[in-house]
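For reference, the chains in residue letters:
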Amino acid sequence: MSTLTTPRPAEAPGSTAPPVARRRFRAGAGDHDKAGPVTYLLLGLAAVVSLFPLYWTFVAASHTGDRVAQSPPPLLPGGELWTNISTVWNQAAMGQALLNSTIVAGLVAVSTVMFSTLAGFAFAKLPFRGRNILLTLVVATMTIPPQLSVIPLYQIITDLEWGNQLQSVILPSLVAAFGVFFMRQFLAEALPVELIEAARVDGAHSLRIVWHVVFPIARPAMAVLGMLVFVQSWNDFFWPFVVLTQQNPTVQVALSAIGGGSAYDINQAVIMTGALVGTLPLLLIFAVLGKHIVGGITAGAVKS
C-alpha cells in the first residue's frame, strides 16, 4: 500500500521542541464511504418496485377495459388515455371534485400546521400548570377510532344544516392531535430557550416571538406536517362520503361513481384513469416541494 509522507518542518537553532511525528495516510482512505455497485443495484430495485404501481395505473388507463381484463395484461401504454379521461369527466363531476379537494386539503393543511405549531410551542416551551396532563390527553385522543365520532358529528352537521357543503368536511379537521405532538417534539429539540428569553428581554411579546422566532425555526417541520396533512385530507373518503353527494364531491367521492355497470361489469380502465387523474395533483405538489419536504424530514437527523 502506497503512503504519503509529509516533510518535517525545519527546527530553529537551539529549539528543544520534540520532533513532529510524521503523518502517514493510506492511499484511498475514505473510499469505504462511497456507494458501491450493490448499493446502486438495491436502490434501483427499490425505485422500480415503488414506481411500478404508478406505471401500471398509467398503462391501464391508456387501454380499454376489455384489454386490461385480458390475461396476460398489457405492459406497454396504449392509445385510449384521452378517451378514458373524457369518460371520467362525463361520468363524474371530476373538475368540481378536483377544485373541492384542493380547497378542503389546502385549508385543512394550513389550519392544522398553524394550530399545531402554536400548541406545540406552548407544550414544549411555555411553563403552565397541567401541561403534561393536557399533552397526555391530546395524545390519548389518537387512540380513539374516528368511526366512533361519526354519528354525533353527523348530528351536529345536520343541526347546522351543513349537509353537502365543504365546511362540513373542513371544520372537523382544523387541528389534529398528531400534528400537535409532532410539532411539540420538534420544537422541544430545535428551539433553544435562550432565544425566547433573549426575545423577551428585547421587549417582544408572545405573538412577535412566535412570528419571528418560532415559525422560522419550525419551518422544516411545518413543511413536512403540511404535506402529510394535505395528502391525508386529499385521500380521505369515509367522512366526505357520508356528508357530501355526487353534486358537490371531493375526488375520492367522485371516484366512487365511475366505472359503471354491475359488480361483474366494471370498466377497470376507467377506474384506473380516475385514480391517475386524482393522483396527478399530489405528484405535482411533491415535484415542486419535494426538496423542502425531504430537507424537513432530515432536519436534525445529524448532529454537529
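Residues numbered from 1 in each chain as written. Predicted model: local features only at pLDDT ≥ 70, side-chain atom pairs only at ≥ 80, totals over all residues. Heavy atoms only, no water.

### Considering the overall build of the chain
Here comes step 1: A count of helices and strands for the chain gives 13 helices and two strands.
Here comes step 2: Across the 304 residues in the chain, those meeting the buried criterion constitute 30%.
Here comes step 3: Taking the contacts inside the chain whose residues are at least 6 apart along the sequence as the reference set, 66% of them involve residues at least 24 apart.
Here comes step 4: Here the chain has roughly 19500 Å² of accessible surface; of this, 66% comes from carbon and sulfur atoms. (Helix = DSSP H or I, 4+ residues; strand = E, 2+ residues; numbered from the N terminus. Buried < 20%, exposed > 50% of the residue type's maximum accessible area, 1.4 Å probe, protein only. Contact = heavy atoms within 4.5 Å. Areas by Shrake-Rupley, 256 points an atom, 1.4 Å probe, with all protein chains shown as cover.)

### Looking at the packing of helix α4 (residues 94-125) against helix α8 (residues 177-190)
Here comes step 1: Where α4 contacts α8, the two axes come as close as 7 Å, and the packing angle between them is 50°. The angle between the axes of α4 and α8 places the two elements in the oblique class. Crossing geometry of α4 relative to α8 is assigned as right-handed. On the side of α4, the interface is formed by S116, T117, A119, G120, F121, F123, A124 and K125, while α8 contributes G179, V180, M183, R184, L187 and A188.
Here comes step 2: Residues of the contact of α4 with α8, tallied by class, amount to eight nonpolar, four polar and two charged. (Axes fitted to C-alpha atoms, helices over the stretch in contact; angles between N-to-C directions. Parallel < 35°, antiparallel > 145°, perpendicular 65-115°, else oblique. Left-handed = near helix turned anticlockwise from the far one by under 90°. Nonpolar A, V, L, I, M, F, W, Y, C, P; charged D, E, K, R; others polar.)

### Focus on the environment of N248
Here comes step 1: Position of N248 among the secondary structure elements: in the loop between α11 (238-243) and α12 (251-255).
Here comes step 2: Among the residues examined, N248 registers a relative accessible area of 15% and is labelled buried.
Here comes step 3: For the pair formed by N248 and N164, sequence separation is 84 residues and the distance between their alpha carbons is 6.6 Å.
Here comes step 4: Not counting residues up to four positions away in its chain, the partners in contact with N248 are Q96, N100, N164, Q165 and L166.

### Examining the packing of helix α9 (residues 193-201) against helix α10 (residues 206-235)
Here comes step 1: The N-to-C vectors of α9 and α10 enclose an angle of 145°; their axes lie 10 Å apart at closest approach. In the packing of α9 onto α10, the handedness of the crossing is right-handed. Residue-level inspection shows L195, I196, A199 and R200 of α9 in contact with α10, the latter providing S206, I209, V213 and I217.

### So, the nonpolar core
Here comes step 1: One finds M94, F121, L187, L191, I209 and W234 to be the most contacted residues of the largest nonpolar core, which totals 49 residues.
Here comes step 2: Top contributing element to this core by residue count: α10, with 12 residues.
Here comes step 3: Residues contacting L191, with those up to four places away along its chain left out, are F121, K125, I196, V213, V214 and I217. (Core = buried A, V, L, I, M, F, W, Y, C linked by side-chain atoms within 4.5 Å.)

### Regarding the packing of aromatic side chains
Here comes step 1: Within this structure, the stated rule accounts for five aromatic pairs.
Here comes step 2: With centroids separated by 5.9 Å and ring planes inclined at 65°, the aromatic side chains of W211 and F215 adopt a geometry described as edge-to-face. Pair noted here: W211 and F215 are both in helix α10, with a separation of four residues, about one helical turn.
Here comes step 3: Both rings, one in F230 and one in W234, keep their centres 5.9 Å apart while their planes meet at 25°; by these two values the pair is stacked. Of this pair, F230 and W234 both sit in helix α10, four residues apart, which is roughly one turn of that helix. Across this residue pair, the class does not change: F230 and W234 are buried. (Phe/Tyr/Trp six-rings, centres within 6.5 Å; stacked < 30°, edge-to-face > 60°.)

### Some words on a nonpolar patch on the surface
Here comes step 1: A surface patch of nonpolar side chains, about 500 Å² in accessible area, is lined by F52, Y55, F58, L75 and L76.
Here comes step 2: With respect to the element layout, F58 can be found in helix α1 (residues 37-61). (Patch = residues over 30% accessible without salt bridge, like charges linked within 9 Å, V, L, I, M, F, W, Y side chains within 5 Å. Salt bridge = Lys/Arg side-chain N within 4 Å of Asp/Glu carboxyl O.)

### A look at the side chain of S101
Here comes step 1: Secondary-structure assignment places S101 in helix α4.
Here comes step 2: Leave out the neighbours within four places in its chain, and S101 touches G106, W234, T250 and V251.

### A few points about the confidence of the model for the chain
Here comes step 1: For the chain, per-residue confidence averages 83 on the pLDDT scale, and residues scoring 70 or more make up 83% of the total.
Here comes step 2: Across the chain, the element-wise mean pLDDT spans from 48 in strand β1 (residues 3-5) up to 94 in helix α7 (residues 167-170).
Here comes step 3: For the stretch residues 1-6, pLDDT sits under 50, and the model shows 14 contacts to residues farther than four places along the chain or on other chains.
Here comes step 4: Note that pLDDT drops below 50 for residues 300-304; the model gives that stretch zero contacts with residues more than four away or on any other chain. (pLDDT = per-residue confidence, 0-100.)

### Some remarks on unusual backbone geometry
Both trends apply: most residues other than glycine have a negative phi, and most peptide bonds are in trans.
Here comes step 1: Here the amide bond leading from S71 into P72 is cis, since omega sits at 0°, within 30 degrees of zero.
Here comes step 2: You can see P72 is positioned in the loop between α2 (65-69) and α3 (81-91).
Here comes step 3: Unusually for a residue other than glycine, E161 sits at a positive phi of about 60°.
Here comes step 4: Structurally, E161 can be placed in the loop between α6 (150-159) and α7.
Here comes step 5: Exposure remark for E161: the relative accessible area of 67% places this residue in the exposed category.
Here comes step 6: One non-glycine residue, N164, lies in positive phi territory at about 60°.
Here comes step 7: Among the secondary structure elements, N164 is positioned in the loop between α6 and α7.

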